[in-house]
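Report on the structure
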Amino acid sequence: MHTALCDRLGIEFPIFAFTHCRDVVAAVSQAGGFGVLGAVGFSPEQLEVECRWIDEHVGDKPYGVDLVIPQKYEGMGEEDPKKLEEQLQKMIPLRHREFAAKLLADHGVPELPPDQKHHSLLGWTAATATPQLDVALKHAKVKLIANALGTPPKDVIDRVHSSGRLVAALCGRVHQAVRHKEAGVDIVIAQGTEGGGHTGEIGSMVLWPQIIAAVAPTPVLAAGGIAKGTQIAAALAMGAEGVWTGSLWLTVEEADAEPAQIDSYLHATSEDTVRSRSWTGKPCRMLKNDWTEAWEGEDAPKPLGMPLQGMVTMEAVARTSRYAGSGQAQRVAFNPVGQVVGMMKDVRSCREVILELAQEYVDAVERLQALTPG
Ligand SMILES: Cc1cc2nc3c(=O)[nH]c(=O)nc-3n(C[C@H](O)[C@H](O)[C@H](O)COP(=O)(O)O)c2cc1C
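So, here is what we can say about the structure in this document. For every chain, the first residue of its written sequence is number 1, and the numbers climb from 1 along that sequence. Whole-chain, interface and lining totals are the exception, using all residues; otherwise, since this is a predicted model, local features are given only for residues with pLDDT of at least 70 and side-chain atom pairs are given and counted only at 80 or more. Heavy atoms throughout the structure, all of them, feed into the side-chain values; hydrogens and water do not.

**Digging into the site of the ligand**
Counted only if it meets this: By convention in these notes, a residue is near a molecule or strand provided one of its non-hydrogen atoms lies within 4 Å of it. Under the rule applied, a polar contact is a pair of N or O atoms within 3.5 Å (in protein, one hydrogen donor and one hydrogen acceptor; residues adjacent in sequence only if both atoms are side-chain atoms). Computed with a 1.4 Å probe, the accessible areas rest on the Shrake-Rupley method; for each residue, only the protein chains presented here act as cover.
Taken together, 19 residues form the shell around the ligand, and within it Asp-66, Gln-191, Gly-225, Trp-244 and Ser-247 come nearest. Separating an oxygen atom of the ligand from a side-chain N or O atom of Gln-191 is a distance of 2.3 Å. Backbone polar atom of Gly-246 to an oxygen atom of the ligand: 2.9 Å apart, as the coordinates give it. The protein chains hide 93% of the 600 Å² of surface that the ligand would expose on its own.

**Details of the packing of helix H6 (residues 126-136) against helix H7 (residues 154-162)**
The test is simple: Axis definition: a line fitted to C-alpha atoms, limited for helices to the stretch in contact. Angles are taken between N-to-C directions and run from 0 to 180 degrees. Labels follow the DSSP assignment, with helices taken as runs of H or I lasting at least four residues and strands as runs of E lasting at least two, numbered in each case from the N terminus. The cut-offs work like this: below 35 degrees is roughly parallel, past 145 is roughly antiparallel, 65 to 115 is roughly perpendicular, and the gaps in between are oblique. Should any heavy atoms of two residues lie within 4.5 Å, those residues are counted as being in contact. Three residue categories are used. Nonpolar comprises Ala, Val, Leu, Ile, Met, Phe, Trp, Tyr, Cys and Pro, charged comprises Asp, Glu, Lys and Arg, and polar comprises the others, including Gly.
Running from N to C, H6 and H7 cross one another at 5°; their axes reach a closest spacing of 11 Å. Judged by the angle between their axes, H6 and H7 are roughly parallel. Contacts from Thr-130, Leu-133 and Asp-134 of H6 reach H7 at Val-156, Arg-159 and Val-160. When its residues are assigned to classes, the contact of H6 with H7 shows three nonpolar, one polar and two charged.

**Some remarks on the sheet that holds strand S10 (residues 273-276)**
Applicable threshold: Whether two strands pair depends on DSSP finding at least two bridges between them.
On the basis of which strands lie adjacent, the open sheet formed by three strands has the order S7-S11-S10 and antiparallel pairing. Pairing within the sheet leaves two strands with one partner each, and these edge strands are strand S7 (197-198) and S10. In this structure, S10 lies alongside strand S11 (residues 284-287), joined through four bridges in antiparallel fashion. Paired with Thr-273 across the bridge in S11 is Leu-287.

**Let's talk about the nonpolar core**
To keep things clear, this is the line we draw: Here, the term nonpolar core denotes a set of buried Ala, Val, Leu, Ile, Met, Phe, Trp, Tyr and Cys residues that are joined through side-chain atoms within 4.5 Å. Each residue is assigned to one of three classes by its accessible area relative to the maximum for its type, calculated with a 1.4 Å probe on protein chains only: buried under 20%, partly exposed between the two thresholds, exposed over 50%.
If you look at the biggest cluster of nonpolar residues, it comprises 46 residues, and the most contacted ones within it are Met-1, Ile-15, Val-24, Ile-211, Ile-232 and Trp-249. For this core, the secondary structure elements donating two or more residues are strand S1 (15-19), helix H2 (22-30), strand S6 (187-191), helix H9 (204-215), strand S8 (220-223), helix H10 (229-237) and helix H14 (350-371). The leading source of residues in this core is H14, at seven residues. If we ignore the near neighbours within four places in the chain, the residues touching Val-24 are Thr-19, Trp-249, Val-252, Glu-254, Ala-255 and Cys-350.

**Describing the packing of aromatic side chains**
Applied cut-off: Two aromatic rings, drawn from Phe, Tyr or Trp (for Trp, its six-membered ring), form a pair once their centres lie within 6.5 Å of each other, and the interplanar angle then sorts them: stacked below 30 degrees, edge-to-face above 60, tilted otherwise.
Under the counting rule described, the total for this entry stands at six aromatic pairs. Measuring from ring centre to ring centre gives 5.1 Å for Trp-279 and Phe-334, while their planes differ by 25°; the resulting arrangement is stacked. Note that Trp-279 is positioned in the loop between S10 and S11 and Phe-334 in the loop between helix H13 (308-322) and H14, a separation of 55 residues in sequence. Assessed through its relative accessible area of 1%, Trp-279 is described here as buried. Grouping aromatic residues by their ring pairs yields a cluster made of Phe-99, Trp-279, Trp-291, Trp-295 and Phe-334.

**Comments concerning the state of the cysteines**
For the record, the criterion: Defined by distance alone, a disulfide is two cysteine sulfur atoms within 2.5 Å.
Overall, the coordinates contain zero disulfides when judged by the stated rule. Cys-21 takes part in no disulfide bond, and the closest cysteine sulfur to it belongs to Cys-350, at a distance of 8.0 Å. In this model Cys-171 remains outside any disulfide bridge; the closest cysteine sulfur is found in Cys-284, 17 Å from its own. A relative accessible area of 6% means that Cys-171 is categorised as buried.

**So, unusual backbone geometry**
It is generally the case that most residues other than glycine have a negative phi and that most peptide bonds are trans. For the bond from Ala-216 to Pro-217, the omega torsion is 5°, close enough to zero to count as cis. Tracing the backbone shows Pro-217 in the loop between H9 and S8. Here Leu-149, not a glycine, exhibits a phi torsion of approximately 70°, which is positive. Take Leu-149: it is sitting in the loop between strand S4 (142-148) and H7.

**Observations concerning H7**
An α-helix turns once every 3.6 residues. As a result, residues three or four positions apart point the same way. To keep things clear, this is the line we draw: Arc definition: directions from the helix axis to the C-beta atoms.
For H7, the complete set of buried residues consists of Val-156, Ile-157 and Val-160. Down the axis of H7, the buried set is contained in an arc of 95°. They therefore lie on one face. Relative to its buried face, H7 has exposed residues pointing more than 90 degrees away, namely Lys-154 and Ser-162. Taken from the residues just after H7, Gly-164 is the one with a positive phi, measuring 85°.

**Digging into the pairing of strand S5 (residues 166-171)**
For the record, the criterion: The handedness rule is simple: strands pointing away from the viewer, and a clockwise path from the first strand over the helix to the second, make the crossover right-handed.
When you tally the buried positions in S5, you get six out of six residues, the bulk of the element. Every second residue of S5 is oriented toward a common face, with Leu-166, Ala-168 and Leu-170 on one face and Val-167, Ala-169 and Cys-171 on the other, all of them buried. In this sheet, S5 lies alongside S4 in parallel orientation, the contact comprising four bridges. Across the sheet, residue Leu-144 finds its bridge partner in S5, namely Leu-166. Chirality of the crossover, the property in question, places the unit of S4, H7 and S5 among those that are right-handed. Direction of pairing for S5 relative to S6: parallel, over a ladder of four bridges. Paired with Leu-170 across the bridge in S6 is Ile-189. This β-α-β element, S5 to helix H8 (residues 174-183) to S6, shows right-handed connectivity.

Keep in mind these values describe shape, not function.
Right, dumping it as C-alpha cells:
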C-alpha cells in the first residue's frame, strides 16, 4: 500500500482519517495512517489546546489540520470575524429561529443553562478560518492543511507552501478538482456522494477515475464510502495515491462522542442517510431523523445559506449533544455520516481498524494476483 505520498509525508499507510477528535488523530497517526483534525468547531484558542495535546501524544508522527473556507458564503469579503457575525445575525429571519426552537421543544430537549454560551459563528468563513490557520502553522508536526468546500484562497496556499507543508482540498466534481490543481493545491481529495458530511451528487466509483485523469500527475485521495481494505485496493487500482476517510472514525474506541449518538450510528443501515441542507445550509450527508424530515415539510422555512443556517442550528447542536440521552434528542440531533454507516457495526480501536484495512487490502491484492495468469 506504499505510494509516493507515504514518502512525502513520512507515513506507513496512505490512509487519511478526518476527525474532530484529537484522540483519533493521534491514534491513527501512531498506527501508521495520517490523522487530520477538523478545526471547524474550534475557536483559535481551543485549536491551540487541541494541537498541543496532539503534539504530546502523536510521538514523532505527522498529522494534518482541516479548515473550511467555502467557495461562496454569505458575508464573503468581511474579514473581521466580529463584524461579520454582527452583520450575519441581522440577516437571520425570526421564523427560522422559531422553527428550530419548536422542534427542540417538541422533542423534549432541555434548554442550555444560562451560563453555557455556545458558539454562534463557526469556522465556516475565511475570516474565522484564518486565525485557525495561524494556529496550525505554529505546530511543527502539522504537515498538511486541507480545505473543504472550495479552493483555498491564494494567500492560504502561499502561506502553507512557504512553511514547507502540503495543501489538500476536497471536491465532488471534476471542474472543482481542476480549479484546485490550477490554484496550486498539492493533493486533490475526490469525494463521492456516499461520503459523510458535505458532499456532491456523483458516486465515488464514477468520480474517482475522472478526477484522477483530469488532474494527473497531481496525487488524488479517494474519499466517500470507504470502510474496507478491499475498497482501498480498488481506489489504488484506479490510480489514487491513498484514501481519505471520515465516517469510519465516528465509532472507534477513541472517539469522543455521546453514547446515544454512537448507538444511532451502530444501529443505522446504509439506507438511513440523507443529503440535507437543514443543518449547515449546504448539502451534507447525515442520518435521517425528525429534524431532516421537518425541514423538508411544506410548512418549513427554506434553509438559509452558509453560514446563516449554521447560526440558526448551532444551539440545537449544543443542546442535542449536551442532553443526548434525554427526551427524543437523537430524533432532532445532527448526526453527519456517510452510507458506510451500514458497515460500522462494532467499536474497535483506531489501531485495530488500520490493521484490518491493511489486511483486507493484502487479501484483495492476492485475490487479483490469483486471477492474473503467469
Ligand atoms: C461527522 C463528519 C464531519 C465532517 N466534517 C468535515 C469538515 O469539517 N471538513 C472536511 O473537510 N470534511 C468533513 N467531513 C468529510 C470528511 O472529511 C470525508 O471527506 C468523508 O467523511 C469521507 O467519506 P466517508 O464518510 O464515507 O468516509 C466530515 C465527515 C463526517 C462524517
